[in-house]
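This is what each chain is made of:
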Amino acid sequence: MIETLFFACNAILPIILMIALGYLLKRIGLFPEAVRAGLNRICFRVLIPVLLFRNIYDGNGISMQDLRTVGFAIAFVLVVFGLGIGIVRRVTPTPAQRGALLQALFRSNFAVIGLPLATSLFGDAGARMAALLSIVTIPVFNALAVIALTVFGSDDAHRPTVRHVLRSIATNPLILGVCTGILVILLRAVFVRLGLSFRLTDIPGLYDAIDTVATAATPLALLVLGGDFELSATRHLVKPLLVGTGMRLLVVPISALLLSHLLFPDFTGAEYAAYLALFGTPVAVSSVVMAAEMGSDKELAGQLVVWTTVFSAVSLFLIIVALKSIGIF
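These numbers come from a predicted model, not from an experiment.

(A) Summary view of the overall build of the protein. Of regular secondary structure, the protein possesses twelve helices and zero strands. Secondary structure elements in the protein, listed N-terminal to C-terminal, are α-α-α-α-α-α-α-α-α-α-α-α. Relative to its 329 residues, the protein shows a buried fraction of 50%. Restricting to contacts in the protein with at least 6 residues of sequence separation, those with at least 24 account for 86%. A total accessible area of about 15200 Å² is found for the protein, and carbon and sulfur atoms account for 69% of it.

(B) Quick peek at the pattern of salt bridges. Here the structure, examined in full by the defined rule, presents two salt bridges. Here Arg54 and Asp211 are joined by a salt bridge, their closest N and O atoms 2.8 Å apart. In this pair, Arg54 is assigned in helix α2 (residues 33–57) and Asp211 in helix α8 (residues 206–227), connecting sequence segments 157 residues apart. The residue Arg68 makes a salt bridge to Asp266 at a minimum N-O spacing of 2.8 Å. Within this pair, whereas Arg68 is found in helix α3 (residues 64–91), its partner Asp266 is found in the loop between α9 (238–263) and α10 (269–279), the two being separated by 198 residues in sequence. Using a relative accessible area of 41% as the deciding quantity, one classes Asp266 as partly exposed.

(C) Structural context of the packing of helix α4 (residues 95–106) against helix α12 (residues 298–325). With their axes 8 Å apart at the nearest point, α4 and α12 run at an angle of 20° to one another. By the criterion of interaxial angle, the relationship of α4 to α12 is roughly parallel. Crossing of α4 against α12: the hand is right-handed. Touching Gln97, Ala100, Leu101 and Ala104 of α4 are Leu300, Ala301 and Leu304, all from α12.

(D) Representation of the side chain of Thr137. Its place among the elements puts Thr137 in helix α5 (residues 110–151). At 2.7 Å, the side chain of Thr137 forms a polar contact with the backbone oxygen of Leu133. Apart from residues lying up to four places away in sequence, Thr137 is in contact with Ala73, Phe110 and Leu278.

(E) Summary view of the nonpolar core. In this structure, Phe106 and Phe279 are the most contacted members of the largest nonpolar core, which totals 84 residues. The leading source of residues in this core is α5, at 20 residues. If near-sequence neighbours (up to four positions away) are discounted, Phe106 is found in contact with Val77, Val80, Phe81, Phe141, Leu144, Ala145, Ala148 and Arg248. Among the nonpolar cores identified, the runner-up in size contains six residues, and Phe53, Tyr57, Val184 and Ile210 belong to it.

Criteria and cut-off values
- Residues numbered from 1 in each chain as written.
- Predicted model: local features only at pLDDT ≥ 70, side-chain atom pairs only at ≥ 80, totals over all residues.
- Heavy atoms only, no water.
- Helix = DSSP H or I, 4+ residues; strand = E, 2+ residues; numbered from the N terminus.
- Buried < 20%, exposed > 50% of the residue type's maximum accessible area, 1.4 Å probe, protein only.
- Contact = heavy atoms within 4.5 Å.
- Areas by Shrake-Rupley, 256 points an atom, 1.4 Å probe, with all protein chains shown as cover.
- Salt bridge = Lys/Arg side-chain N within 4 Å of Asp/Glu carboxyl O.
- Axes fitted to C-alpha atoms, helices over the stretch in contact; angles between N-to-C directions.
- Parallel < 35°, antiparallel > 145°, perpendicular 65-115°, else oblique.
- Left-handed = near helix turned anticlockwise from the far one by under 90°.
- Polar contact = N/O pair within 3.5 Å; in protein donor to acceptor, adjacent residues only side chain to side chain.
- Core = buried A, V, L, I, M, F, W, Y, C linked by side-chain atoms within 4.5 Å.

Shown next, in the form of structure tokens:
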């Protein structure tokens, strides 16, 4: 039992401590808003896309089991989105709150917290599986977020056109990082068929530079996440906060893990690590920006990010302990 507890602590404690450090640096005045804003742009536009590119590039092809893993993930996200529409209608009568709450139900912080969590849980195999899921889930998350905020909480002034939606998805830096990784892998496969074994590692220093940039993504992103924390509890938001936090951290991940185990009993710890990273991590930080830009409830979106991040330390710990106890990790 002690070994199980240590395993769970080792998996999530580095992430929590980095977030706490960011919050502490802000509180003592060493992490001002201007610095955080600049680093946030760098992380979102450069570091995390490079991280996704590297993880995809380091993969070793796609198996039939990989396709099942990805297919289940997409299907489950769509089911959560569909059921979430009915849930948010019952929870709050305010359209602007519905859009923000719906994002919390299906959209996790997979890029910032999920990727390092999967790596921590199951090493390179977990990182590879998480990168594979990111190929499809990041575009799906962004597309569904635009749909959710268009249906709920967007007035005519904020309602985007179809062209704007498609352009936003196509130019998303995370999606570009994923697509670039796929493109380079396809080119590598063409080279192999031509009898060439060229890889990025054959160019002195290039892959090392990519690896260094990718390695910097997680700690900087977690620091910024901690620095952006504003702990508060608004009375009129209690109900949607309780529902959003409970669904994001408990109902959605536990349901996904149980259903995947029933459907695919041959899955290994790598698949479960990736699923926990995808379905059990807090609400995506970018959900706040999108809520503000599209006329949804920015305050609720921000508090959902804060409180799901705070309580994820407990929920992830308990789920990891349970999975370790039954021999999955």
